[in-house]
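So the chains spell out like this:
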Amino acid sequence: MTAMVRASGLQGYQSLVRGLGADPLKLLQRQRIAPESLNDDEALIPVRSVVNLLEASAAATQCPDFGLRLAQKQDISLLGPLAIAMQNSRTVADALHVASLHLFVHSPALVFTVIPKSSLVPGGVELRIEILLSRQPVQRQVMDQCLGDTHNMLRFLAGDRYVLKAVALPHAPAASLKTYTSFFN
């Protein structure tokens with residue numbers, strides 16, 4: 001069975017690609033993604049097509065931080081009903097728990113795990129994002145996007161109480177370390 005994701009995960013894609021001097025329609029068509037599906041947040045798109053689209057877009061625009069730039073154009077609303085549940089949680093911890101239980105609504109290929117005691121940062125909470133695909137393609141851009149979206153959502157939910165201590169990339173950095181440091185502050 002083909003793993004799918006809600007089209008809302010590509011909010012801001014077309015304007016970003018145009019702003020970087022490329023044609024988003026050609027890139028979408030190469031990955032067999034109907035351009036009109038991006039106008040319907042509830043439309044379902046194969047996860048593998050999205051992963052390949054972001055990698056191809058980064059190459060076509062010569063933009064190694066494409067995934068992070070896409071995350072800058074997005075907000076918690078991309079999660080649709082899950083965003084509403086998260087925003088109505090009593091605490092940020094509850095919102096994260098809701099996300100870990102129900103992210104499958106956005107895509108069953110995405111797994112979000114909350115680890116209450118971080119192995120990386122003493123006293124910290126560790127959040128892990130995984131994309132489950134067989135014969136995994138390169139996922140740098142989509143992982144950067146997911147990490148960027150999670151960072152932005154936490155800033156939104158927790159405000160000035162949110163303090164990021166570390167980011168561990170599951171891949172070699174796609175962009176310079178300076179770019180990641182700037183994005184994640």
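Right above here is the structure, for reference.
The rules behind these values
Throughout, residues of each chain are indexed from 1 in the direction in which the sequence is written. With pLDDT at 70 or above as the cut-off, local features in this predicted model cover only qualifying residues; side-chain atom pairs require 80 or more to be listed or tallied, and sums for whole chains, interfaces and linings still use all residues. Calculation of side-chain values draws on the structure's entire complement of heavy atoms; hydrogens and water are dropped beforehand. The numbering of helices and of strands both runs from the N terminus, where a helix is a DSSP run of H or I of at least 4 residues and a strand a run of E of at least 2. Accessible area is worked out with a 1.4 Å probe on protein chains only. A residue is then buried under 20% of its type maximum, exposed over 50%, and partly exposed in between. Note on contacts: a residue pair is in contact if any heavy atoms of the two residues lie within 4.5 Å. Take the residue count of a helix, subtract one, and multiply by 1.5 Å to get its expected span. Stacked, tilted and edge-to-face are the three classes assigned to paired rings of Phe, Tyr and Trp, where Trp is represented by its six-membered ring and a pair needs centres within 6.5 Å; plane angles under 30 degrees give stacked, over 60 edge-to-face, the rest tilted.

1. Thoughts on the environment of Ala-7
Here comes step 1: Within the secondary structure, Ala-7 is located in the loop between strand 1 (4-6) and helix 1 (13-19).
Here comes step 2: Looking at Ala-7, the relative accessible area reads 2%, which means it is buried.
Here comes step 3: In this structure, the C-alpha to C-alpha distance between Ala-7 and Pro-116, residues 109 residues apart in sequence, is 31 Å.
Here comes step 4: Those residues in contact with Ala-7 that sit more than four places away from it in its chain are Ser-37, Asp-40, Asp-41, Ala-43 and Ile-45.

2. Quick notes on helix 3 (residues 47-61)
Here comes step 1: Across its 15 residues, helix 3 extends 21 Å between first and last C-alpha, which sits within 8% of the 21 Å expected from 1.5 Å per residue.
Here comes step 2: Every buried residue belonging to helix 3 is among Val-47, Ser-49, Val-50, Val-51, Leu-53, Leu-54, Glu-55, Ser-57, Ala-58 and Thr-61, and all of these are buried.
Here comes step 3: One or two residues past the end of helix 3 sits Gln-62, with phi positive at roughly 50 degrees.

3. Topic: unusual backbone geometry
Here comes step 1: Here Gln-62, not a glycine, exhibits a phi torsion of approximately 50 degrees, which is positive.
Here comes step 2: With respect to the helices and strands, the residue Gln-62 is situated in the loop between helix 3 and helix 4 (66-72).
Here comes step 3: Look at Gln-62 and you get exposed, because its relative accessible area is 72%.

4. Things to note about the environment of Ser-57
Here comes step 1: Looking at the secondary structure, you find Ser-57 in helix 3.
Here comes step 2: In this structure the C-alpha to C-alpha distance between Ser-57 and Leu-16, which are 41 residues apart in sequence, comes to 9.8 Å.
Here comes step 3: Excluding anything up to four places from it in sequence, Ser-57 contacts Tyr-13, Val-17, Leu-27 and Phe-66.

5. Section: the packing of aromatic side chains
Here comes step 1: Considering all chains together, one arrives at two aromatic pairs under this definition.
Here comes step 2: Taking 6.0 Å as the distance between ring centres and 70 degrees as the angle between the ring planes, the aromatic pair formed by Tyr-13 and Phe-66 counts as edge-to-face. Taken as a pair, Tyr-13 in helix 1 and Phe-66 in helix 4 lie far apart in primary sequence, 53 residues in all. Residue Tyr-13 shares its accessibility class with Phe-66, and that shared class is buried.
Here comes step 3: Between Phe-183 and Phe-184, the ring centres sit 4.8 Å apart and the planes meet at 75 degrees, which makes this aromatic pair edge-to-face.
Here comes step 4: What makes Phe-184 buried here is its relative accessible area of 8%.

What is shown is where atoms sit, not what they do.
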